[in-house]
Structure formats: C-alpha cells, structure tokens
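The lines below spell out each chain.
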Amino acid sequence: MLNGWPESADLAREILLVEQEGDRITHDLSKRTNSTFVTPIDAEDIYSLAGKVDDIVDHIEETADFMGLYRIEAPMDRAVAMADVLVKACPPRCSRICRGFKDLDKYWIEIHQLENDGDRLFREAFASLFAGGSDPMVVIRWRDIFLRLERAIDATEEAATVVETIATKYA
C-alpha cells in the first residue's frame, strides 16, 4: 500500500477487512482449542501464537488507517523501507517452514536481523522528523505511523520467538 500511496489508498479498506477476518479466525481458533481435549501443541502456545499474529495484523491495519485519517499525501522513504522490512518478516512461506519444526535456525536469524533493521530504520525515521524544523503536525502524524510500523515489525519477532519456543518443545 505504501509503495503506491496515495493511488493505493483503497487498499486500507481491504486491510481492514483482512484484520476483521483475522479476528474472526483467532476467535474460532480459541473456541476450538477450548473445546478440544487434546491439541497438537499446548493450548497456551496456540493462544500465544494466535495473539502475536493478531498483533501484527492489528498494527498493519492501524498504520493503513492512520495514512487515510491523517490524509497523508505521500509516504516518507523510511516508512516505505519499514514496510518492506515488515513484508520480508511476514513471508507467506512461514506456515510451510514451521511444519515439522525442523531446520528453523536460519529463519530465527533472519527474523531477528529484520527486526534489528526495523529498529534502525525507526530510529532514523524518528530522528528525521526533528531535522530541518518540520511542522509539528507533520511530526505528530508521522510519529504515529512510524510507531505502528515499528510495533508491527516487533510483533513479527515476538511471533517468531513463540514459534521457536514451540519448535524447541516438539523437536
């Protein structure tokens, strides 16, 4: 969405719908886990991982919402870079990687490196808001957006840590 902003602003609605569907899935998962006598992994691990994935999606949806609410005219380069890190940290292959919980060390290292990259970009982005005497309203708007992106990136590492813990238990 950020790469094509503002032309891609309509994607914010799609992101909201995906977030709502994610909430429904998380609720269903919780309901099924509560009603299942034996789960494939510990129920607490299921709840924890579902919560972390939900956090990622929530922060992405908040970012998209703020872009529209704040009537952002064009994305800042560092926001696009943070979004790129976020996309790399949420590869569609994650569910396939985690099947069997084997040979995941490369995955943990990659996620932790991406989170470090996200932290660096966040600090740079935040510092850039105060360089050159920016309009205080612009600073406030972009601070909110950068914070949501940074939280989403942090949540990918938290989700990876939960998966790593599960993998250690079942390896």
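Residues numbered from 1 in each chain as written. Predicted model: local features only at pLDDT ≥ 70, side-chain atom pairs only at ≥ 80, totals over all residues. Heavy atoms only, no water.

**Some details on the nonpolar core**
It is characteristic of soluble globular proteins that their nonpolar side chains tend to be buried jointly. Within the largest apolar cluster, 32 residues are counted, with the highest numbers of intra-cluster contacts made by Leu2, Met67, Met82, Trp108, Trp142, Ile145 and Phe146. Mapped by element, the contributors of at least two residues to this core are α2 (43-69), α3 (77-89), α5 (105-129) and α6 (136-170). Looking at this core element by element, the count peaks at 11 residues for α6. Those residues in contact with Ile145 that lie beyond four places of it in its chain are Thr63, Phe66, Met67, Tyr70 and Ile72. (Core = buried A, V, L, I, M, F, W, Y, C linked by side-chain atoms within 4.5 Å. Buried < 20%, exposed > 50% of the residue type's maximum accessible area, 1.4 Å probe, protein only. Helix = DSSP H or I, 4+ residues; strand = E, 2+ residues; numbered from the N terminus. Contact = heavy atoms within 4.5 Å.)

**Some thoughts on the packing of aromatic side chains**
Any aromatic ring pair is given by two values, namely how distant the centres are and how the planes are angled relative to each other. Per the stated rule, a full pass over the model turns up four aromatic pairs. Residues Phe66 and Tyr70 carry aromatic rings whose centres are separated by 5.0 Å and whose planes lie at 25° to one another, so their mutual orientation is stacked. Relative to Phe126, the ring of Phe122 has its centre 5.6 Å away and its plane inclined at 35°; by these criteria the two rings are tilted. Of this pair, Phe122 and Phe126 both sit in helix α5, four residues apart, roughly one helical turn. Through a chain of ring-to-ring contacts, the aromatic side chains of Phe122, Phe126 and Phe130 assemble into a single cluster. (Phe/Tyr/Trp six-rings, centres within 6.5 Å; stacked < 30°, edge-to-face > 60°.)

**What about the side chain of Glu19?**
Examined against the element boundaries, Glu19 turns out to sit in helix α1 (residues 11-35). Ignoring any residue separated from it by four or fewer positions in sequence, one finds Glu19 in contact with Val57, Asp58 and Glu61.

**Re the confidence of the model for the protein chain**
Averaged over every residue, the pLDDT of the protein chain is 86; the share at 70 or more is 92%. Of all helices and strands in the protein chain, the one with the weakest mean pLDDT is helix α4 (residues 94-98) (56), whereas α3 scores best (93). (pLDDT = per-residue confidence, 0-100.)

**Points about the layout of surface pockets**
When its volume is computed, the second largest pocket comes out at roughly 350 Å³. Forming the boundary of the second largest pocket are 13 residues, of which Ile25, Leu29, Leu49, Ala50 and Val53 lie nearest the centre. The set of elements that each furnish at least two residues to the lining of the second largest pocket consists of α1 and α2. Per element, the largest residue contribution to the lining of the second largest pocket is six residues, and it comes from α2. Residue composition of the lining of the second largest pocket, grouped by class: 10 nonpolar, two polar and one charged. (1 Å grid on protein atoms, 1.4 Å probe; cavity = no way out; pocket = protein on both sides within 12 Å on 5 of 7 lines; lining within 4 Å. Points joined across faces, edges and corners; volume = space filled by probe spheres on them. Nonpolar A, V, L, I, M, F, W, Y, C, P; charged D, E, K, R; others polar.)

**Describing the environment of Val139**
Positionally, Val139 belongs in helix α6. When its relative accessible area of 11% is taken as the criterion, Val139 is described as buried. Along the primary structure Val139 and Val57 are separated by 82 residues, whereas in three dimensions their C-alpha atoms are 24 Å apart. Those residues in contact with Val139 that lie beyond four places of it in its chain are Leu129, Phe130 and Ser134.

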